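Reading the structure
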Amino acid sequence: MGRKILLVTTDQQRYDTLACNGGTLSRTPVVDGLAAGGLRFERAHPQSVVCMPSRSTILTGQHPSTHGVFMNGVPLPVDAPSVAEVLRDSGYRTALVGKAHFEPYFDPFLRFEENAMSINGTTPHGGSRRGFEHLETASHGAMGPLHYSQWLMANHPEALGMYCRAIDDSLQVSAAGGGDTGAPQVKVNPIDRGIYHTDWVADRTVAWLDSLDADEDWFCWMSFPDPHHPWDPPESEMGRIDWRDVPLPAGYPEDRTTREAIIDGKPRHWRAWYDGTLVSNYEAPADWIPATLTPDQVREVNARNAVEVELIDEALGRVLARVAERGWADDVDVVVTTDHGELQGDFGLLFKGPYHVDALMRIPLIWRPAPSTRAEGSTPTVVTRPVGLVDLAPTFCAIAGIHPPEWMQGKPLPVDDTDAESRGFDKVLTEWDSELFGISVHLRTMMRDRWVVTAYRPGTSHDGTEGELYDLVDDPLQQVNRWDDVSVRPLRDDLVADLRESQPEVRPERLFLEAPV
Amino acid sequence: MRHSIRLRCAPDAVWDVVGTPGRLPEWWLGVESCEVDGDTRTIMTRAGLPMPERLLTVDPDLRRFQYRITSPLFVEHLSTIDVHDLGDDTCLTVYSVDAEPAVLALVIGGAARAALAHLPELLGVEPVH
């Protein structure tokens, strides 16, 4: 019997939403406890700041340029490499419960098996898909053909309309406001907590674990759709945090002139989005103008987000309790992370897009190795050197005692900074490519040492000479873009040269955009 | 959105499939059935979504097929399929779509790309890259 692996992902969760990472809004004792028993990474970055490319990186262990899913709406080829397949081939039982999103959601023809299989059960055609022998899917509400929606429709049809209607009549992400402040993608949701998707994901994970024999090894990806917008947690839970008491984030200068001066120091698409003259990507409401965001709206969004984070923590606690009841507690590695961050008011913005700053790029990553592998008296470890989601797949292989396949581009996560230094964890890459309705944006970013550098490639808003350069020590909020600062020009040139030399292999055949998301 | 495929076969072989309104379920993945009544075609998607269409052009000489989806989901829609004889024992089939809301052009276009990719298997011919 080997080590079992529980991969816990959330969707669109910032680094600073966990108490163990310094967050002050949410209480996250379960994840904090895992961090206390293992490793907490202070510089984990996704390789893309939107869902489909990032999730494809987790699964394949490859950068977006290599696996080819360059933006949301581009399906990951069914024959793409998969760490789940590697583990399954080695005798692991495998499941993904919750949000998958390797294939687009907009699918009226049910062309994509990820959507179609909700009407056929939870065992994929042929016995597995992408290496998962069990797939039970959910997303951010009751829409679509996923398992959670079907379950809700069959068992609680009265709840279907309780969720926020995230897409409007023009099939855009809705800009409609709700709650007390009229914030976009906020809704008072009267749904019973027990049937909210967070608890459903935990329930279904427990059900799958209960179907296994005690001596089986397993890899379970438990994938919570929250705290991604819409922000509509069960209203019964909103008494935990009064949004009026929520402090404004440090990254949100309340003074409009200050806020706009900061944005004006960045490449022009920042200000264009803020003013509502350019929406470059589908992930933000096309009809919402960020400049209209009020401090109270930021507070309410962050309060609802924090409640969603707490519910996830509690749901994870239930699953871990069941793991312990099954007698597996000492043999399970638990990895907790997310696919990317959320602006949550930083710079006066919400949601996500081609904005490579900590709000979107610095993500939670906790690895609690199986206690049976930890020496008696082990202390919590903090890893400060940069790692990426691309490193997860080889880490799972290492946990399972498998040599990571050649096609994986990351490395097994370091166990401390000394290990990280000796194995060359000195930089982490993130990329953005979007081409939607005639608007294209292309970014390449590297975090190295204390710097984040982003070089722009030509697109409809940029000529390829633009960039961003931030000193994370002196300017942790990334408010001063030093790209054009001549005093750091040699450093900038060195970073850019390293960034360019470090670019991953590009998939030979370009994949197609087949849906907006 | 525009997608195309070049096949090593006579253009009439492709036209016989894509230019016959009732044969849509054979080549368009995710269309469960369709009913044709004059210039109206109603398809049923695999998701159980009925999608009414008005057939605008079925021209075997030009090998051009055009239709509009008239479902209330669409403010506007026009799809055009052209089969071109390239004169070298190959033909080029082009599917283009305009739609409002524009996101639906992505969805229809994406489905069309998969449908075109299914033609070689259906016709037993080789694609030409």
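Figured I'd write up the structure that's included with this text. Here the structure is a predicted model, which is why all the values come from computation and not from measurement.

Analysis parameters
- Residues numbered from 1 in each chain as written.
- Chains lettered and ligands numbered in written order.
- Predicted model: local features only at pLDDT ≥ 70, side-chain atom pairs only at ≥ 80, totals over all residues.
- Heavy atoms only, no water.
- Helix = DSSP H or I, 4+ residues; strand = E, 2+ residues; numbered from the N terminus.
- Rg over C-alpha atoms; globule rule 2.2 N^0.38 Å.
- Buried < 20%, exposed > 50% of the residue type's maximum accessible area, 1.4 Å probe, protein only.
- Contact = heavy atoms within 4.5 Å.
- Areas by Shrake-Rupley, 256 points an atom, 1.4 Å probe, with all protein chains shown as cover.
- Lys, Arg positive; Asp, Glu negative; His and termini not counted.
- Charge placed at Lys NZ, Arg CZ, Asp CG, Glu CD.
- Buried area = accessible area lost by both parts, 1.4 Å probe.
- Salt bridge = Lys/Arg side-chain N within 4 Å of Asp/Glu carboxyl O.
- Polar contact = N/O pair within 3.5 Å; in protein donor to acceptor, adjacent residues only side chain to side chain.
- Nonpolar A, V, L, I, M, F, W, Y, C, P; charged D, E, K, R; others polar.
- Pairing = 2+ DSSP bridges.
- Axes fitted to C-alpha atoms, helices over the stretch in contact; angles between N-to-C directions.
- Core = buried A, V, L, I, M, F, W, Y, C linked by side-chain atoms within 4.5 Å.
- Arc of directions from axis to C-beta.
- Parallel < 35°, antiparallel > 145°, perpendicular 65-115°, else oblique.
- Left-handed = near helix turned anticlockwise from the far one by under 90°.

1. Some details on the overall build of chain B
Scanning chain B for helices and strands turns up three helices and seven strands. Start at the N end of chain B and walk to the C end: the helices and strands fall as β-α-α-β-β-β-β-β-β-α. A compact globule built from 129 residues should have a C-alpha radius of gyration of about 14 Å, and chain B, at 14 Å, falls within 12% of that. Each principal axis of the C-alpha atoms in chain B carries an extent, and together these give about 45 × 30 × 25 Å. For chain B, the residues scored as buried account for 49% of the 129 residues in total.

2. Some words on the overall build of chain A
On a plain count of helices and strands, chain A comes out with 14 helices and 16 strands. Relative to the compact-globule value of 24 Å for 517 residues, chain A shows a C-alpha radius of gyration of 21 Å, a close match. Taking the contacts inside chain A whose residues are at least 6 apart along the sequence as the reference set, 72% of them involve residues at least 24 apart. Entry remark: accessible area of chain A is about 17300 Å², with carbon and sulfur atoms responsible for 50%. Charge separation in chain A, taken as the distance between the mean sites of 47 positive and 79 negative side-chain charges, equals 1 Å.

3. Regarding the interface of chain A and chain B
Contacts between chain A and chain B engage 19 residues on the former and 24 residues on the latter. In total, chain A and chain B occlude about 1700 Å² of area from one another, counting both sides; carbon and sulfur atoms represent 73% of this. Its largest share of buried area at the contact with chain B, chain A owes to P108, F109 and R111 of chain A, together 38% of the area lost on that side. Viewed at the interface, chain B and chain A are joined by one salt bridge. Where chain A touches chain B, the interface holds four residue pairs in polar contact (both at pLDDT 80 or more). Considered class by class, the residues forming the side of chain A that touches chain B number 13 nonpolar, three polar and three charged.

4. Digging into the sheet that holds strand β14 (residues 439-448) of chain A
Residues and elements named next belong to chain A. Taken together, four strands build an open sheet; the order of strands is β13-β14-β15-β16 and the sheet is antiparallel. At either end of the open sheet lies a strand with only one pairing partner, and these are β13 (427-436) and β16 (467-471). Mean inter-strand twist for the sheet, computed between neighbouring axes without regard to direction, equals 10°. Direction of pairing for β14 relative to strand β15 (residues 451-457): antiparallel, over a ladder of seven bridges. Along β15, the bridge assignment pairs T445 with T454. Seen against the sheet, helix α14 (residues 489-501) touches β13, β14, β15 and β16 and runs at an angle of roughly 105° to β14.

5. Things to note about the nonpolar core
It is characteristic of soluble globular proteins that their nonpolar side chains tend to be buried jointly. Within the largest apolar cluster, 92 residues are counted, with the highest numbers of intra-cluster contacts made by F396 of chain A together with W27 and W28 of chain B. Residue contributions to this core peak at 11 residues, all from helix α3 (residues 102-123) of chain B. Discounting residues that sit within four places of it in the chain, W28 of chain B has contacts with F109 of chain A together with Y67, Y95, I108, A111, A112 and A115 of chain B. Y196, W218, A315 and V323 of chain A belong to the second largest nonpolar core, which has 49 residues in total.

6. Some remarks on the pairing of strand β8 (residues 218-223) of chain A
All names here are of chain A. Among the six residues of β8, six are classified as buried, and the element is accordingly described as predominantly covered. Across five bridges, the pairing between strand β1 (residues 4-10) and β8 is parallel. By the bridge assignment for β8, L7 is matched with W221. In the sheet, strand β4 (residues 93-98) pairs with β8 via six bridges, with the strands oriented parallel. Each bridged residue has a counterpart across the sheet, and for V97 the counterpart in β8 is M222.

7. Quick look at helix α1 (residues 29-36) of chain A
All names here are of chain A. Within α1 the residues assigned to the buried category are V31, L34 and A35. Axial view of α1: buried residues confined to an arc of 100°, hence all on one face. Contacts from the buried residues of α1 go to β2 (39-41), α10 (295-325), β9 (332-338) and β10 (365-368).

8. Brief notes about the pattern of salt bridges
Residue and element names in this part refer to chain A. According to the stated counting rule, one finds 56 salt bridges over all chains in the structure shown. Residue R3 pairs with D333 through a salt bridge whose shortest N-O separation is 2.8 Å. In this pair, R3 sits in the segment before β1 while D333 sits in strand β9, placing the two residues 330 residues apart along the sequence. Looking at D333, the relative accessible area reads 0%, which means it is buried. Between R510 and E435 there is a salt bridge, with its nearest N and O atoms 2.7 Å apart. Taken together, the positions of R510 in the segment after α14 and E435 in strand β13 put the pair 75 residues apart, joining distant regions of the chain. Owing to a relative accessible area of 48%, R510 belongs among the partly exposed residues under this scheme. Here E435 falls in the partly exposed class, since its relative accessible area comes to 36%.

9. Quick word on the packing of α1 of chain A against α10 of chain A
Residues and elements named next belong to chain A. One can describe the packing of α1 onto α10 by two numbers: an axis separation of 7 Å at closest approach and a directional angle of 60°. For the element pair α1 / α10, the angle class is oblique. Mapping the contact onto sequence places P29, V30, V31 and L34 in α1 and D313, L316, G317 and L320 in α10.

10. Let's talk about the packing of helix α7 (residues 197-210) of chain A against α10 of chain A
Residue and element names in this part refer to chain A. The contact between α7 and α10 brings their axes to 9 Å, and the two run at 15°. With respect to their mutual orientation, α7 and α10 come out roughly parallel. In this structure, the crossing between α7 and α10 has a hand that is right-handed. Between α7 and α10, the contacting residues are T198, D199, A202, D203, T205, V206, L209 and D210 on the first element and L311, I312, A315, R318, V319, R322 and V323 on the second. For the contact of α7 with α10, the class distribution of residues is eight nonpolar, two polar and five charged.

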